Amino acid sequence: MDTPDEQWWDAQAGEYVLGTLRGAERDVFEKILKVDQEAFNRVLFWQQALSPMSENIDEIEPPHYVFPKITAQIQAQQAQAKASVKAALDDTTNNSATGGSTTPLTNTVVKTSPRRRRSSRSNRLWKGLTTLATAATIAMAALLVNTLNQPTSSATTTADSISIVLNEQKESLWVLSANSDTRELHITALNPPTLEAHQSHQLWMVKPDDAGVTSVGLLPTTAGTTTTLTLPMSTNEAKLFAVSLEVLTGSALAVPTGPVLYTGSIIPVQNP
Amino acid sequence: MTTESAQNSPSTLTKDSSNKADDNLIEWIKASASGDEGAFKKLYDATSPQLFAMLRRLLISDELAEEALQESFVKIWNNASEYQPQNGKARTWLTSITRNHGIDTLRKRNIRERNDLQMDPQDVGEHPGNPMPFALGHENSERLLLCLDQLSESARSCVVRSYCEGFSHEELSDQLQRPIGTIKSWIRRSLLTLKECLNGYA
């Protein structure tokens, strides 16, 4: 007989697979699945056990135009990745040659956007980047920011911390670079998730020790666009950034009203 | 039953055929992970009718199901290298990716604002036109059906309809006119009963 604790986890995993685990509870459980093998195994059990209800059903042929749309979407991703890699490599080359003082930090970090790509020379590079662990990706981005900051003459343009907001596939969604002195936060949208017309993504600073959250503002929704917001507090006082799904105008409260979907660790950058 | 006759029984043949089919899926997933578009097309042809049917049942819309199928296969292409055969059947992996995307779509859209989804609280054990929305003939199906039969009609309906049609606790509570706590309790107790039963057949 399973213990009450095991039964709770079994039921939680079962509800996750059924689909009745929703909202923040589902988001939290998905985060647990990434780090807890036992919870992951319980989910595998339920996926397998309930699969006849999905697998042994009367099949319906999808319309003929669906597959071409899939391949077109994949090719568009590949083309975008190729262009991003080329732009990032060009930026790096330019910075090496000129001392690289004025290139926006966030442009360089575009190269760490880890979407999988295939069938081209750039794919190999992307595969290499994709296989990097999150921490390594962030560390690499921090190194790049640090390198690019070195020749900057004005302290006001220098980031002292960066953050990459990732989704569950470890794809980079937004890159944030902050300056604690000026309280400026530069945000570049890399691959912002699609929203409905009435929705927005709101950025929050999460304080340590469960001390609550503070709103920073709404995130840019178009890939490639950059926004500058004012930090409500120093990044030193925050544990991490979090992104919630909200109505178009953002949360009407001082806390998220929608699910918290993504987070980004704050990585201090050593400046000379 | 002798070993020889067991090997030649219909259920064994079905199992062998199912294993062979899954071996093909594994091969195509691995090839897709290496960028083989031909293998990806074979994978799509072999599985999209089942996945599309599942999404239509979940999202109750051809348009949303097509969109979800498209997004799911892009995700399958992007994540093909992450499939681990030791973690379960290839078809179950594909189904899980697609179902999760379908559930996310449900979360984002208020799909349930429809009149034709009304359930009769006096008839909560019935799934419209099909009490058990899956076919028999597979060992796993029969085992699941036997275990579902151990649940009360109401509890079984909650489990089946949440899985197949994506009903949330709140929606089940509204439709069945039962307190949400009762629905949650039915589902969680049902899951534990199911697990115990399924383990008994393992």
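Cut-off values and rules
Residues numbered from 1 in each chain as written. Chains lettered and ligands numbered in written order. Predicted model: local features only at pLDDT ≥ 70, side-chain atom pairs only at ≥ 80, totals over all residues. Heavy atoms only, no water. Contact = heavy atoms within 4.5 Å. Buried area = accessible area lost by both parts, 1.4 Å probe. Salt bridge = Lys/Arg side-chain N within 4 Å of Asp/Glu carboxyl O. Polar contact = N/O pair within 3.5 Å; in protein donor to acceptor, adjacent residues only side chain to side chain. Helix = DSSP H or I, 4+ residues; strand = E, 2+ residues; numbered from the N terminus. Nonpolar A, V, L, I, M, F, W, Y, C, P; charged D, E, K, R; others polar. Buried < 20%, exposed > 50% of the residue type's maximum accessible area, 1.4 Å probe, protein only. pLDDT = per-residue confidence, 0-100. Core = buried A, V, L, I, M, F, W, Y, C linked by side-chain atoms within 4.5 Å. Pairing = 2+ DSSP bridges.

Draft legend 1. The arrangement of the interface of chain A and chain B in detail. Taken together, the contact pairs 56 residues of chain A with 66 residues of chain B. For the pair chain A and chain B, the summed buried surface comes to about 5700 Å²; carbon and sulfur atoms form 55% of the total. The residue Arg188(B) makes a salt bridge to Glu15(A) at a minimum N-O spacing of 2.7 Å. For the pair chain A and chain B, the interface holds 21 residue pairs in polar contact (both at pLDDT 80 or more). Going through the elements one at a time, helix H1 (4-18), helix H2 (23-35), helix H3 (37-50), helix H4 (52-55) and helix H5 (66-98) of chain A are the ones with two or more residues in the side of chain A that touches chain B. At 10 residues, H1(A) tops the list of elements feeding residues into the side of chain A that touches chain B. Partitioned by chemical class, the residues of the side of chain A that touches chain B number 23 nonpolar, 17 polar and 16 charged.

Draft legend 2. Focus on the pattern of salt bridges. Under the definition given, this model contains 9 salt bridges over all chains. With a closest N to O distance of 2.9 Å, Lys41(B) and Asp45(B) form a salt bridge. In this pair, Lys41(B) and Asp45(B) are both assigned in helix H3 (residues 37-59), 4 residues apart and thus about one turn of the helix distant. According to the relative accessible area criterion, Lys41(B) is partly exposed, its value standing at 32%. Counted as one network, the salt bridges with shared partners bring together Asp10(A), Glu38(A), Arg42(A) and Lys195(B).

Draft legend 3. How the structure looks around the confidence of the model for chain A. Overall, the predicted model of chain A reaches an average pLDDT of 73, with 70% of residues at or above 70. Throughout residues 95-156 of chain A the model reports pLDDT below 50, and contacts reaching past four residues in sequence, or to other chains, amount to 116 contacts.

Draft legend 4. The nonpolar core, seen in detail. Judged by nonpolar contacts, the single largest core of 38 residues is most densely connected at Ile70(A) and Phe40(B). For this core, the elements supplying multiple residues, two or more each, are H5 of chain A together with helix H2 (10-33), H3, helix H4 (62-79) and helix H5 (90-108) of chain B. The leading source of residues in this core is H3(B), at 11 residues. Those residues in contact with Ile70(A), other than ones at most four positions away along the chain, are Phe40(B), Tyr44(B), Leu69(B), Gln70(B), Phe73(B) and Val74(B). Core analysis: the next-biggest nonpolar cluster, separate from the first, contains 33 residues, Tyr16(A), Val159(B), Leu172(B) and Leu191(B) among them.

Draft legend 5. The pairing of strand S7 (residues 240-247) of chain A, seen in detail. All names here are of chain A. Of all 8 residues in S7, 7 are buried, a share of seventy percent or more. Note that strand S4 (residues 199-206) and S7 share 8 bridges and pair antiparallel. Within S7, the position partnered with Trp204 by the bridge is Ala242. With 5 bridges joining them, S7 and strand S8 (residues 260-265) adopt antiparallel strand pairing. Counterpart to Leu240 in the pairing with S8 is Ser265.

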